[in-house]
Amino acid sequence: LIQLFDAGFFHADPHPGNLLRTWDGQLAYLDFGMMSSIEPRQRTALIKAIVHLVNREFDRLAEDFVALEFLTPDTDLGPISPALTAVFQNAIKDGVADLNFQNLSDELASVMYRFPFRIPPYYSLIIRSLTVLEGIALANNPNFKVLSKAYPYIVNRLVSSRDPDLRHSLRDLLIKDGHLRWS
């Protein structure tokens, strides 16, 4: 997450042959042949999408897909929003913490074939990295929940950021219709 959101430059091939556990329990990356970058606006859009997912604001996820460059700005989001809502409601039916990126990716693929989605090159490498890392974690701990581990980092980014878009997302996370969100 630090590579992705702080540096904007990340290892895009984190399979077990490219990872080494150090004596103090840290991960060391090997073989830097596949690296990728993500622009600040894309990082902000990705964080905003996570906030919308956690807040179950599925209709706003369609707008996030435009900001993430999956859809062009002139795309009619009317028919896409309900399809995305169905996918994301199903993905978090057992709770946001139980989200499985591989399952979500599989379900999103069916929506992406029906509508004019395109996969930006930077994002295909992000998904590859996240699903590989999630698979490694699940092999070592079948109860591992990627979003529950990542979310404290995301919240910390929202709290510490001076970026006006992220500050707005923090307000969205905490307040709805002038009232504090309690769940």
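Throughout what follows, the structure given in this document is the object of discussion. (Residues numbered from 1 in each chain as written. Predicted model: local features only at pLDDT ≥ 70, side-chain atom pairs only at ≥ 80, totals over all residues. Heavy atoms only, no water.)

Right, let's get into the overall build of the chain. For the chain, the count of helices and strands is eight helices and six strands. Listing the helices and strands of the chain from first to last along the sequence gives α-β-β-β-β-α-α-α-α-α-α-α-β-β. Relative to the 2.2 N^0.38 estimate, which gives 16 Å for 183 residues, the radius of gyration of the chain is 17 Å and therefore close to what a compact globule would have. Its C-alpha atoms put the chain at 50 × 35 × 30 Å along the principal axes. The contacts of the chain with a sequence gap of at least 6 include a subset with a gap of at least 24, amounting to 64%. Accessible surface computed for the chain: about 10400 Å², of which carbon and sulfur atoms make up 57%. Distance between charge centres in the chain, computed from 18 positive and 21 negative side chains, equals 4 Å. (Helix = DSSP H or I, 4+ residues; strand = E, 2+ residues; numbered from the N terminus. Rg over C-alpha atoms; globule rule 2.2 N^0.38 Å. Contact = heavy atoms within 4.5 Å. Areas by Shrake-Rupley, 256 points an atom, 1.4 Å probe, with all protein chains shown as cover. Lys, Arg positive; Asp, Glu negative; His and termini not counted. Charge placed at Lys NZ, Arg CZ, Asp CG, Glu CD.)

Further remarks concern the pattern of salt bridges. When their charged atoms lie close together, side chains carrying opposite charge are able to pair. Scanning all chains against the criterion turns up six salt bridges. In this structure, Arg41 engages Glu69 in a salt bridge whose closest nitrogen and oxygen atoms are separated by 2.3 Å. Note that Arg41 is positioned in helix 2 (residues 40-54) and Glu69 in the loop between helix 3 (58-67) and helix 4 (80-91), a separation of 28 residues in sequence. By relative accessible area, which is 24% here, Glu69 ends up partly exposed. For Arg60, the salt bridge goes to Asp172, with nearest N and O atoms at 3.2 Å. (Salt bridge = Lys/Arg side-chain N within 4 Å of Asp/Glu carboxyl O. Buried < 20%, exposed > 50% of the residue type's maximum accessible area, 1.4 Å probe, protein only.)

Take the packing of aromatic side chains next. The full count for this structure, using the stated rule, is six aromatic pairs. Taking the centre distance of 6.4 Å and the plane angle of 45° together, the rings of Phe65 and Phe88 count as tilted. Of this pair, Phe65 sits in helix 3 while Phe88 sits in helix 4, placing them 23 residues apart in sequence. Owing to a relative accessible area of 5%, Phe88 belongs among the buried residues under this scheme. On the numbers, 5.5 Å between centres and 90° between planes, the contact of Phe65 with Phe117 is edge-to-face. You can see Phe65 sitting in helix 3 and its partner Phe117 sitting in the loop between helix 5 (101-114) and helix 6 (121-140), a full 52 residues away along the chain. One aromatic cluster in this structure is built from Phe65, Phe70, Phe88, Phe117, Tyr122 and Tyr123. (Phe/Tyr/Trp six-rings, centres within 6.5 Å; stacked < 30°, edge-to-face > 60°.)

The set of residues buried in helix 8 (residues 164-174) consists of Leu166, Ser169, Leu170, Asp172 and Leu173. The arc that holds every buried residue of helix 8, seen down its axis, measures 160°, which confines them to one face. For helix 8, the elements touching its buried residues are helix 2, helix 3, helix 7 (146-160) and strand 5 (175-176). (Arc of directions from axis to C-beta.)

Roughly 230 Å³ of volume is contained in the second largest pocket. Residue assignment for the lining of the second largest pocket shows that the elements contributing at least two residues are helix 4, helix 5 and helix 6. Per-element tally for the lining of the second largest pocket: the top contributor is helix 5, with three residues. A breakdown of the residues in the lining of the second largest pocket according to their chemical character gives seven nonpolar, three polar and six charged. (1 Å grid on protein atoms, 1.4 Å probe; cavity = no way out; pocket = protein on both sides within 12 Å on 5 of 7 lines; lining within 4 Å. Points joined across faces, edges and corners; volume = space filled by probe spheres on them. Nonpolar A, V, L, I, M, F, W, Y, C, P; charged D, E, K, R; others polar.)

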